[in-house]
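In case you want the letters, here they are:
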Amino acid sequence: MPSRKLPNYLRRYRKLAGFSEAEIAFLLGFQDAAQVSRYEHFRAVPGLLTALAYHVIFQTAPPALFGGKYQKIERMVRRRARRLLKRLDAQTPNRRSGRKLALLRALVGETQEPEKS
Amino acid sequence: MTQSNSPERRVLALHKTSRGFGFVVLESPATLVDWGARTTRTQKARTTLLKVRALLEHYSPEVLLIEDCGASATHVRRRQLLESIFEFAIENGVAARRISKQRVRKLFLAFEAVTRRQIAMVVARILPDLAPYVPRIRKPWMSEDYSAAIFDAAALALAYFDSRRTHAGRTSIPLSAQMEGNAFTEIRSNSGN
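What you see is a predicted model, and the numbers here were worked out from it, not measured in a lab.

## A short note on the overall build of chain A
Okay, step 1: From N to C terminus, chain A includes seven helices and zero strands.
Okay, step 2: For 117 residues, the compact-globule formula gives about 13 Å, and the C-alpha radius of gyration of chain A, at 20 Å, lies well above that figure.
Okay, step 3: Taken along its principal axes, the extent of the C-alpha atoms in chain A is 60 × 30 × 20 Å.
Okay, step 4: Taken across its 117 residues, chain A has 32% of its residues classed as buried.
Okay, step 5: In chain A, of all internal contacts separated by at least 6 residues, the share reaching a separation of at least 24 is 54%.
Okay, step 6: By element, 53% of the accessible surface of chain A is carried by carbon and sulfur atoms, the whole surface being about 8,200 Å².
Okay, step 7: Put simply, chain A has 24 plus and 9 minus side-chain charges, and the middle of one group is 5 Å from the middle of the other.

## Observations regarding helix H2 (residues 21–28) of chain A
Residue and element names in this part refer to chain A.
Okay, step 1: Of all the residues in H2, the buried ones are Ile-24, Ala-25 and Leu-28. One face of H2 carries all of its buried residues, which in axial projection span an arc of 105°.
Okay, step 2: Those residues of H2 that are buried are in contact with helix H1 (10–17), helix H3 (34–40) and helix H4 (48–58).
Okay, step 3: Downstream of H2 by one or two residues, Gly-29 has phi in the positive range, about 90°.

## Section: the interface of chain A and chain B
Okay, step 1: Taken residue by residue, the interface counts 14 residues in chain A and 18 residues in chain B.
Okay, step 2: When the two sides are added together, the surface that chain A and chain B hide from each other amounts to roughly 1,300 Å², 52% of it contributed by carbon and sulfur.
Okay, step 3: In this structure, the connection of chain A to chain B is made through three salt bridges.
Okay, step 4: Notably, a salt bridge pairs Arg-11 of chain A with Asp-34 of chain B, separated by 2.9 Å at the nearest N-O pair.
Okay, step 5: Applying the counting criterion to the chain A and chain B interface returns eight residue pairs in polar contact (both at pLDDT 80 or more).

## Observations concerning the confidence of the model for chain B
Residue and element names in this part refer to chain B.
Okay, step 1: Averaged over every residue, the pLDDT of chain B is 81; residues scoring 70 or more account for 79%.
Okay, step 2: pLDDT under 50 marks residues 1–6. Its contacts with residues more than four places away, or in other chains, come to 11 contacts.
Okay, step 3: Every residue in residues 176–193 is under pLDDT 50, and counting partners more than four places away or in other chains gives 29 contacts.
Okay, step 4: Interface predicted TM-score (ipTM) for the complex: 0.79; the corresponding pTM is 0.82.

## What to know about the pattern of salt bridges
Okay, step 1: One pass over the structure, following the stated rule, counts 15 salt bridges over all chains.
Okay, step 2: A salt bridge links Arg-14 of chain A to Glu-21 of chain A; the shortest N-O distance between them is 3.9 Å.
Okay, step 3: We note a salt bridge from Arg-53 of chain B to Glu-57 of chain B, for which the minimum N-O separation is 3.0 Å. Placement of both Arg-53 of chain B and Glu-57 of chain B in helix H1 (residues 44–59) is noted, with a separation of four residues, approximately one turn of the helix.
Okay, step 4: One salt-bridge network, held together by shared partners, links Arg-11, Arg-14, Lys-15, Glu-21 and Glu-40 of chain A together with Asp-34 of chain B.

## Observations regarding the sheet that holds strand S2 (residues 20–28) of chain B
Residue and element names in this part refer to chain B.
Okay, step 1: Here we have five strands laid out as an open sheet, ordered S3-S2-S1-S4-S5, and mixed in their pairing. The sheet is open, and its two edges are formed by strand S3 (31–39) and strand S5 (95–100), each paired on a single side. Neighbour-to-neighbour, the strand axes of the sheet open up by a mean angle of 20°, direction not taken into account.
Okay, step 2: Two strands pair when backbone bridges link them, and S2 and S3 are joined in this way by eight bridges, in the antiparallel orientation. Note that in S3 the partner of Leu-26 across the bridge is Leu-32.

## Looking at the nonpolar core
Okay, step 1: Counting residues in hydrophobic clusters, the biggest one holds 36 residues, and the most contacted among them are Tyr-54 of chain A together with Leu-12, Leu-14, Leu-56, Leu-64 and Ile-85 of chain B.
Okay, step 2: The dominant element in this core, judged by the number of residues it contributes, is helix H2 (residues 76–91) of chain B, at six residues.

## Examining unusual backbone geometry
Residues and elements named next belong to chain A.
Okay, step 1: Positive phi outside glycine occurs at Phe-42, with the angle close to 65°.
Okay, step 2: With respect to the helices and strands, Phe-42 occurs in the loop between H3 and H4.
Okay, step 3: A positive phi is found at Gln-59, a non-glycine position, where the angle reads about 50°.

## Here's the deal with the packing of H1 of chain B against H2 of chain B
Residues and elements named next belong to chain B.
Okay, step 1: Contact geometry of H1 with H2 gives a least axis separation of 10 Å together with a crossing angle of 35°. The handedness of the crossing between H1 and H2 is right-handed. Across the interface between the two elements, Ala-45, Thr-48, Leu-49, Val-52, Arg-53 and Leu-56 from H1 touch Leu-81, Ser-84, Ile-85, Phe-88 and Ala-89 from H2.
Okay, step 2: Of the residues contributing to the contact of H1 with H2, the split by class is eight nonpolar, two polar and one charged.

Calculation criteria
Sequence order sets the numbering: in each chain, residues are counted from 1 along the sequence as written. All chains are assigned letters beginning at A, and all ligands numbers beginning at 1, according to the order in which they are written. This being a predicted model, a pLDDT of at least 70 is required before a residue's local features are given, and a value of 80 or more before pairs of side-chain atoms are given or counted; all residues contribute to the totals for chains, interfaces and linings. Excluding hydrogens and water, the side-chain figures rest on all heavy atoms present in the structure. Segments assigned H or I by DSSP are reported as helices when at least four residues long, segments assigned E as strands when at least two residues long, and all are numbered from the N terminus. The globule rule is 2.2 Å times the number of residues to the power 0.38, and the radius of gyration it is compared with is taken over C-alpha atoms. Exposure classes here rest on a 1.4 Å probe applied to the protein chains alone. A residue is buried below 20% of its type maximum, exposed above 50%, and partly exposed in between. Here, two residues are considered to be in contact whenever any of their heavy atoms come within 4.5 Å of each other. Here the accessible surface of atoms and residues is derived via Shrake-Rupley with a 1.4 Å probe, and residues count as covered only by protein chains that are part of the display. Charge counting treats Lys and Arg as positive and Asp and Glu as negative, with His and both chain ends excluded. Charged side chains are reduced to one point each, which is NZ for Lys, CZ for Arg, CG for Asp and CD for Glu. This arc describes the spread of directions from the helix axis toward the C-beta atoms. Buried area is calculated as the accessible area (1.4 Å probe) missing from two parts once they are joined, with the contributions of both summed. In the sections that follow, a salt bridge refers to a side-chain nitrogen of Lys or Arg positioned within 4 Å of a carboxyl oxygen of Asp or Glu. N or O atoms closer than or at 3.5 Å make up a polar contact, with two conditions inside protein: a donor-capable atom paired with an acceptor-capable one, and, for residues adjacent in sequence, both atoms drawn from side chains. pLDDT expresses, on a scale from 0 to 100, how confident the predictor is about each individual residue. Here, strands pair whenever DSSP counts at least two bridges between them. Here the axes come from fitting lines to C-alpha atoms, over the contacting stretch only for helices, and the angles between their N-to-C directions go from 0 to 180 degrees. We call a set of buried Ala, Val, Leu, Ile, Met, Phe, Trp, Tyr and Cys residues a nonpolar core when their side-chain atoms join them within 4.5 Å. When the near helix sits turned anticlockwise from the far one by under a right angle, the crossing is termed left-handed; a clockwise turn instead gives a right-handed crossing. Think of it as three bins: nonpolar holds Ala, Val, Leu, Ile, Met, Phe, Trp, Tyr, Cys and Pro, charged holds Asp, Glu, Lys and Arg, and polar takes everything else, Gly as well.

Take a look at the structure:
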């Protein structure tokens, strides 16, 4: 896939399913199709509840529906995870830190703990 | 970072018709993002450019594909409009490529597809999302199905991806062996290629 995905692929999935904008608007509980059109033209970002509704309608996971947005969030979270991992690695580990360190390492793509001097 | 020889690029392919143009947007040989036909009734050149611009702005493709009309003396206006589209894309920072009819024919000949309808059927097997839009069998008195231009555009795009893979030296066989789990390979093996 291209390194830069589109913010969302809602239009693609709507057309694949054969729905009109008005029909999707109805399923989402909107009064008219204007908001659906705004989503598809990347002029608005669906809220959590609407995103979940899209997932229900198209039976497609959010990363596929909102490819570009998901990529952006993933990059930001991974960046923060690296910073947090660096901070935690400098601290003395305790019983509870094992799981979160493992999760953070998985997030940033590290396969093993760094060697401690 | 997109590699220059990677086939995974977002491409916008256009096929000009007398009534407007058909288009497809692909993110790989097997991933259809959007498709459709746009009509232009008045001020065709200007309207076409405006609609192409809207697609370029919306999809930010890495490559715009159009048909290579050559230097034929016929269809001068069509050739001029396609050139305008080509230059428009370049001016707006989008790489543009012309795909010759020969290139398209060569690709689909491997699937024993010669006529436009046969090519459309093969395209529909490669891109099953387009299957519901396969043009009806056209009788002499019928006007062209608007969706025919979509398949012509899709054929351009597939020929482009195929030529990129061939030039990258990945394979001397067209897309068939590379497409993941789709009917392309099945068609090729059934046709004895």
